[in-house]
Amino acid sequence: MTPPVGSYVVDITTGQVGLLMGEAGPRLLLRPVGGGREWECEPDAVRPATAAERISATMAYVNARSRGEVT
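What comes next concerns the included structure. Along each chain, residue indices are assigned from 1 in the same order as the chain's sequence is written. A pLDDT threshold of at least 70 governs which residues receive local features in this predicted model, and a stricter bar of 80 or more applies before side-chain atom pairs are shown or counted, although totals over entire chains, interfaces and linings include all residues. The side-chain figures draw on all heavy atoms in the structure; neither hydrogens nor water molecules are used.

A look at the sheet that holds strand β3 (residues 27–32)
The criterion, for reference: Between any two strands, pairing holds if DSSP finds at least two bridges. Secondary structure elements follow DSSP: runs of H or I of four or more residues count as helices, runs of E of two or more count as strands, with numbering from the N terminus. Axis lines are fitted to C-alpha atoms, over the contacting stretch for helices. Their N-to-C directions set the angle, which ranges from 0 to 180 degrees.
Sheet architecture is open: five strands sit in the order β4-β3-β2-β1-β5, paired in antiparallel fashion. The open sheet is flanked by β4 (39–41) and β5 (46–48), the only strands paired with a single partner. Between one strand and the next, the sheet's axes are offset by a mean angle of 50 degrees, whatever the strand orientation.

Digging into the environment of Gly6
Note the threshold: Contacts are assigned to residue pairs that have any heavy atoms within 4.5 Å of one another.
Turning to its location among the elements, Gly6 is positioned in the segment before β1 (8–11). For the pair Gly6 and Gly35, spaced 29 residues apart in sequence, the C-alpha to C-alpha distance is 13 Å. Those residues in contact with Gly6, other than ones at most four positions away along the chain, are Leu19 and Leu20.

Some points on helix α1 (residues 51–66)
For the record, the criterion: Multiply 1.5 Å by the residue count of a helix minus one, and that product is the helix's expected span. Only protein chains enter the accessibility calculation, which uses a 1.4 Å probe; a residue whose area is less than 20% of its type maximum is buried, one above 50% is exposed, and one in between is partly exposed. This arc is built from the directions going out from the helix axis to the C-beta atoms.
Under the 1.5 Å per step criterion, the end-to-end length of α1 is 22 Å for 16 residues, consistent within 8% with the ideal 22 Å. Residues of α1 that are buried include every one of Ala57, Tyr61 and Ala64, and no others. Projection of α1 onto a plane perpendicular to its axis shows the buried side chains occupying an angular sector of 65 degrees, all on one side. Exposed residues on α1 whose side chains face more than 90 degrees from its buried face are Ala52, Ile55 and Ser66. Among the structural elements, β2 (16–24) are those in contact with the buried residues of α1.

Examining the environment of Gly35
Looking at the element boundaries, Gly35 is found in the loop between β3 and β4. For the pair Gly35 and Thr71, spaced 36 residues apart in sequence, the C-alpha to C-alpha distance is 9.6 Å.

Concerning the side chain of Asp11
Within the secondary structure, Asp11 is located in strand β1. The residues contacting Asp11, other than those within four sequence positions of it, are Gln16, Leu30, Trp39, Cys41 and Ala45.

With respect to the pattern of salt bridges
It is possible for side chains bearing opposite charge to pair when their charged atoms get close. Selection rule: Any carboxyl oxygen of Asp or Glu within 4 Å of a side-chain nitrogen of Lys or Arg constitutes a salt bridge here.
With the rule as written, the count across this model stands at five salt bridges. Taking the shortest distance from any N to any O, the salt bridge between Arg27 and Glu42 comes out at 3.5 Å. Of this pair, Arg27 sits in strand β3 while Glu42 sits in the loop between β4 and β5, placing them 15 residues apart in sequence. The salt bridge partner of Arg31 is Glu38, with a shortest N-O separation of 2.9 Å. Here the salt bridges do not stand alone but share partners, grouping Arg27, Glu40 and Glu42 into one network.

Pasting the structure below:
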């Protein structure tokens, strides 16, 4: 079962946390925490992100932004 759009999920092929943006044909569109370029993922290669994973991904983005690595 696919999580609802707007859910935080983990792409189990890469370990990256992303926000589920929608579907592109048979694949899912995920966007990195904090924004950025979307990537596609197979529906059976995602799982819901835990609270700890969401917090970790958000903190990594916030820290990178404070260092000027991202805008």
